[in-house]
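Read off the chains here:
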Amino acid sequence: MSGATVAEFLGYWEAEGLNYVRRGDYEWMAGLVPGQRVLEIGCGVGYATQALAARGLQVLALDSLAECLAATQARVADPAVQLLQAEVTALTGEQRAQLEGFAPDTVVCWLMGAPAEVTGAAPSDAGQAVVAYREKIHRAVAELAASLPSVQALHFVDRTVIPWQAKDIGRDTLVGYHGGKTLRDLPFTAERRHALYRKLDDNTLAMSKFRNSHPSLKNVVPVLASLLAERKK
């Protein structure tokens, strides 16, 4: 888990996020974003916001945790970046008006997570609480994007594991998963060409234990799974 408390969560992402920066992962994600005005849902400690701003994009970064916004503000000193403390599942009228006024072209939700005290995650639940929380937030983000007329694209990136040799099949799985859950009955569509994977480091002790837990998992690798959905014409 990425931390039980807010302090542990921030500490985890300060270290983990720096690894992403060094590998160029955030730069890769930012390079996939169309448009010029980006609404970022869940800015975390600001590494992703920094990558978006480095591309010259206008960014409105939203997070429910004041601690995350403070970390982002300290990391990103750019007048093109605005910050908003809000919960995407419970926006006030004033907050919605601010989002509409910003008029984003694209909404991004990358590496969605929260402290265990928010998600309800526990070592004994085999990750089910995090999965349920992620699906809830992804759906709320998609519904928000659909309600903002200016939004033409929606970009999700999350970590997962796949057999690398079967990544082409995995692309279809990624499209089907978000199409059936996140984007169901909403005016967005996702195509296979916009489903991408990027390898992460796979030599950690945790990864070794995961592979050894069952013979069928020995060929899986950790990846970033990226899906860009576009508003239907």
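Everything here concerns the structure above.
Computed from a predicted model, the values in this text were never measured in an experiment. (Residues numbered from 1 in each chain as written. Predicted model: local features only at pLDDT ≥ 70, side-chain atom pairs only at ≥ 80, totals over all residues. Heavy atoms only, no water.)

Visitor: Tell me about the overall build of the protein chain, and please be specific about residues and values.
Guide: Broken down by element type, the protein chain carries 9 helices and 7 strands. For 233 residues, the compact-globule formula gives about 17 Å, and the C-alpha radius of gyration of the protein chain, at 17 Å, lands near that figure. Dimensions along the principal axes, computed over C-alpha positions, put the protein chain at roughly 55 × 40 × 30 Å. Within the protein chain, buried positions represent 48% of all 233 residues. (Helix = DSSP H or I, 4+ residues; strand = E, 2+ residues; numbered from the N terminus. Rg over C-alpha atoms; globule rule 2.2 N^0.38 Å. Buried < 20%, exposed > 50% of the residue type's maximum accessible area, 1.4 Å probe, protein only.)

Visitor: Could you give an account of the pairing of strand 2 (residues 58-63), with specific residues and numbers?
Guide: Across the 6 residues of strand 2, 5 count as buried, placing the element largely inside the fold. Once the chain exits strand 1 (residues 37-41) it traverses helix 3 (residues 47-54) before rejoining the sheet at strand 2, and the crossover so formed is right-handed. One ladder, built from 5 bridges, connects strand 2 with strand 3 (residues 81-85); its direction is parallel. When the sheet's bridge partners are listed, L62 is paired in strand 3 with L84. In the classification by handedness, the crossover that spans strand 2, the intervening helix 4 (residues 66-75) and the parallel strand 3 is right-handed. (Right-handed = clockwise from strand over helix to strand, strands pointing away. Pairing = 2+ DSSP bridges.)

Visitor: I'd like a description of the side chain of T106, backed by residues and values.
Guide: On the secondary structure map, T106 appears in strand 4 (residues 106-110). Of note is the side chain of T106, whose polar atom sits 2.7 Å from the backbone oxygen of P34. Among residues more than four places away in sequence, those in contact with T106 are V33, P34, G35, R37, V38, L39, A153 and L154. (Polar contact = N/O pair within 3.5 Å; in protein donor to acceptor, adjacent residues only side chain to side chain. Contact = heavy atoms within 4.5 Å.)

Visitor: How would you summarise the sheet that holds strand 6 (residues 188-199) if you had to cite specific residues and measurements?
Guide: If you walk across this open sheet you meet the 7 strands as 3-2-1-4-5-7-6, and the pairing is mixed. Edge positions in the sheet fall to strand 3 and strand 6, since each of these pairs with one other strand and no more. In this sheet, adjacent strand axes meet at a mean angle of 25 degrees when their direction is disregarded. Pairing of strand 1 with strand 2 involves 5 bridges; the strand directions are parallel. Paired with L39 across the two strands is L60, which belongs to strand 2. Sheet strands in contact with helix 4 are strand 2 and strand 3, and its direction is about 165 degrees off that of strand 3. (Axes fitted to C-alpha atoms, helices over the stretch in contact; angles between N-to-C directions.)

Visitor: Could you give an account of the environment of Y26, naming the residues involved and the relevant values?
Guide: One can find Y26 in helix 2 (residues 25-30). Residues Y26 and S124 lie 98 residues apart in sequence; the distance between their C-alpha atoms is 31 Å. Excluding its chain neighbours within four sequence positions, the residues that come into contact with Y26 are W13, G17, Y20, V21, Y47, A48, A51 and L111.

Coordinates in, geometry out; function isn't part of it.
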